[in-house]
Amino acid sequence: MPTVHANGIDIWYERLGPAEGTPLVLTHGFAGPSAQWRPEILPLAEKRPLVLYDVRGHHRTTVPQDASEYSIPTFAADVRALLKAIGVGRAHVGGISMGGMITAQFAVDYPEICASVMVIDSTCGNAPMLAVPPEVPDAAAQWEERLVTGVSLLRAAVRQDGLEATLLREWEWKKANDPHLDVSPYTLEDDLARIKLMTPEGHIGAASAIAVRPDLTDRLPKINAPTLVMIGEWDDFLPCALRDHELIPGSRLVIRQKCAHGSRWRLETFLSEIEAFLDDVEDGRPVAGERVV
């Protein structure tokens, strides 16, 4: 599979689907490299060009040893450098979870490249990074604070105990606290396979990037590309998605029922809503509104 040297690192990428058309560039989530995500999103390559890649610190892309070389703006700059290197000047840009954070950063930093934007199961904010936190935190800010605490604890656990032991402890917590675990499409075996694609250094670096990411809420109203904000009704990021939809002019909000965090929940709706959104964008139809599917 091809690798390009861009923004000072070697980035693994894959181009799928037809040669003609505006490419769809998708960014995977935290510690979930493209090798694991690919089977779920491969149908999206049937109608249009699809570009997948591994984020810095993940699997086949360079894994810097210094955590200071990881940040969400750096990840977005990596995408920009990758697209330039492979000759893509304009694209539909989207991502899930951490990939949604990278997509939001890309949308505000490189708007000229975005034919459309898709922020999925994610957040564009980071309340702990605001200069003046709200006196009474709302639900989105409260979740963002919990998220920063969680990834900070995760970094410490991986440093001390390693990836597999930390993952096993996380699953014990889920068994005691996750009300939807019994219907989850994700398994411990899947997660153990996924974590083998990571190194402690890459895992810690990406977690650090999530913890200190810029809060983009004041920049969201400037996004003028058609935007899809998609979220599961059981996803802890739901309050963030509702807020981001309100802040991004003309955006489309899609709430997927009986879905938690991740594309594998009712995968058919994940794929069909992306397809419907992109068809509307490419046919020049308005995308604004809200849907529950």
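See the structure printed just above.
Residues numbered from 1 in each chain as written. Predicted model: local features only at pLDDT ≥ 70, side-chain atom pairs only at ≥ 80, totals over all residues. Heavy atoms only, no water.

Enquirer: Residues and numbers for the nonpolar core, please.
Expert: Judged by nonpolar contacts, the single largest core of 68 residues is most densely connected at Met98 and Phe106. Sequence-distant contacts of phenylalanine 106, that is, excluding residues within four places in its chain, are made with Ala76, Val79, Arg80, Leu83, Val93, Pro111, Ile113 and Cys114. Listed in part, the 23 residues of the second largest apolar core include Leu26, Ala45, Leu52 and Leu228. (Core = buried A, V, L, I, M, F, W, Y, C linked by side-chain atoms within 4.5 Å. Buried < 20%, exposed > 50% of the residue type's maximum accessible area, 1.4 Å probe, protein only. Contact = heavy atoms within 4.5 Å.)

Enquirer: Account for the pattern of salt bridges, with residues named and values stated.
Expert: Tallying each qualifying case throughout the model produces 22 salt bridges. One salt bridge connects lysine 47 with glutamate 275, and the closest N-O pair in it is separated by 3.9 Å. Here lysine 47, found in the loop between helix H1 (34-41) and strand S4 (50-53), pairs with glutamate 275, found in helix H9 (residues 267-282); they are 228 residues apart in sequence, far enough to count as distant. In this structure, a network of salt bridges that share partners links the residues Lys47, Arg48, Glu275, Asp279 and Glu282. (Salt bridge = Lys/Arg side-chain N within 4 Å of Asp/Glu carboxyl O. Helix = DSSP H or I, 4+ residues; strand = E, 2+ residues; numbered from the N terminus.)

Enquirer: Please provide a residue-by-residue account of the environment of threonine 103, values included.
Expert: Tracing the chain through its elements places threonine 103 in helix H3 (residues 98-109). Distance in space between the C-alpha atoms of threonine 103 and cysteine 114 is 9.8 Å, their sequence separation being eleven residues.

Enquirer: Can you break down the packing of helix H4 (residues 139-161) against helix H7 (residues 200-211) residue by residue, with the values?
Expert: The N-to-C vectors of H4 and H7 enclose an angle of 160°; their axes lie 9 Å apart at closest approach. When the axes of H4 and H7 are compared, the pair comes out roughly antiparallel. Taken as a pair, H4 and H7 cross one another with a handedness that is left-handed. Counted together, Leu147, Val148, Val151, Ser152, Leu154, Arg155, Val158 and Arg159 of H4 and Pro200, His203, Ile204, Ala207, Ser208, Ile210 and Ala211 of H7 form the full contact between these two elements. A per-class count over the contact of H4 with H7 returns ten nonpolar, three polar and two charged. (Axes fitted to C-alpha atoms, helices over the stretch in contact; angles between N-to-C directions. Parallel < 35°, antiparallel > 145°, perpendicular 65-115°, else oblique. Left-handed = near helix turned anticlockwise from the far one by under 90°. Nonpolar A, V, L, I, M, F, W, Y, C, P; charged D, E, K, R; others polar.)

Enquirer: Pulling in residues and values, what's your account of H3?
Expert: With twelve residues, H3 ought to run about 16 Å at 1.5 Å a step, and its terminal C-alpha atoms sit 17 Å apart, in line with that. Burial analysis of H3 places eleven of its twelve residues in the buried class, the great majority of the element. Inspection of H3 places Met98, Gly99, Gly100, Met101, Ile102, Thr103, Ala104, Gln105, Phe106, Ala107 and Val108 among the buried residues, and these make up the whole buried set. (Expected span 1.5 Å × (residues − 1).)

Enquirer: Hey, could you go over the sheet that holds strand S9 (residues 289-292) for me, with residue numbers and the actual values?
Expert: Across the sheet, nine strands lie side by side as S1-S2-S4-S3-S5-S6-S7-S8-S9; this open sheet has mixed pairing. The open sheet has two free edges, formed respectively by strand S1 (3-6) and S9, since each of these has just one partner strand. Between one strand and the next, the sheet's axes are offset by a mean angle of 20°, whatever the strand orientation. Direction of pairing for strand S3 (residues 24-27) relative to strand S5 (residues 91-96): parallel, over a ladder of four bridges. Its bridge partner lying in S5, leucine 24 is registered against histidine 92. The strands touched by H1 are strand S2 (9-16), S3, S4 and S5; relative to S4, the strand with the most contacts, the crossing angle is about 155°. (Pairing = 2+ DSSP bridges.)

Enquirer: Can you explain the side chain of glutamate 144? Please cite residues and give values.
Expert: With respect to the helices and strands, the residue glutamate 144 is situated in helix H4. Discounting residues that sit within four places of it in the chain, glutamate 144 has contacts with Thr123, Gly125, Asn126, Ala127, Pro128, Arg213, Asp215, Cys240 and Arg243.

Enquirer: If you had to explain unusual backbone geometry to someone new, which residues and values would you point to?
Expert: Even without being glycine, histidine 59 reaches a positive phi, approximately 50°. Within the secondary structure layout, histidine 59 lies in the loop between S4 and helix H2 (72-85). Non-glycine residue aspartate 121 carries a positive phi angle of around 50°. Along the chain, aspartate 121 turns up in the loop between strand S6 (114-120) and H4.

Enquirer: Give a detailed account of H9, specifying residues and quantitative values.
Expert: Compared with an ideal rise of 1.5 Å per residue, which puts 16 residues at 22 Å, H9 spans 23 Å between its outermost C-alpha atoms and is within 8% of the ideal. Every buried residue of H9 is listed here: Thr269, Phe270, Leu271, Glu273, Ile274, Glu275, Phe277, Leu278, Asp280 and Val281. Looking one or two residues past H9, glycine 284 carries a phi angle of roughly 80°, positive in sign.

Enquirer: Before we move on, could you go through the pairing of S3 and cite the residues and values that matter?
Expert: Side chains Leu24 and Leu26 of S3 all project onto a buried face; the interleaved residues Val25 and Thr27 project onto the opposite face, where all are buried too. Across three bridges, S3 lies against S4 in parallel orientation. Among the inter-strand pairings, leucine 24 is bridged to a residue of S4, identified as leucine 50. A crossover connection joins S3 to the parallel S4 through H1; in handedness this β-α-β unit is right-handed. (Right-handed = clockwise from strand over helix to strand, strands pointing away.)

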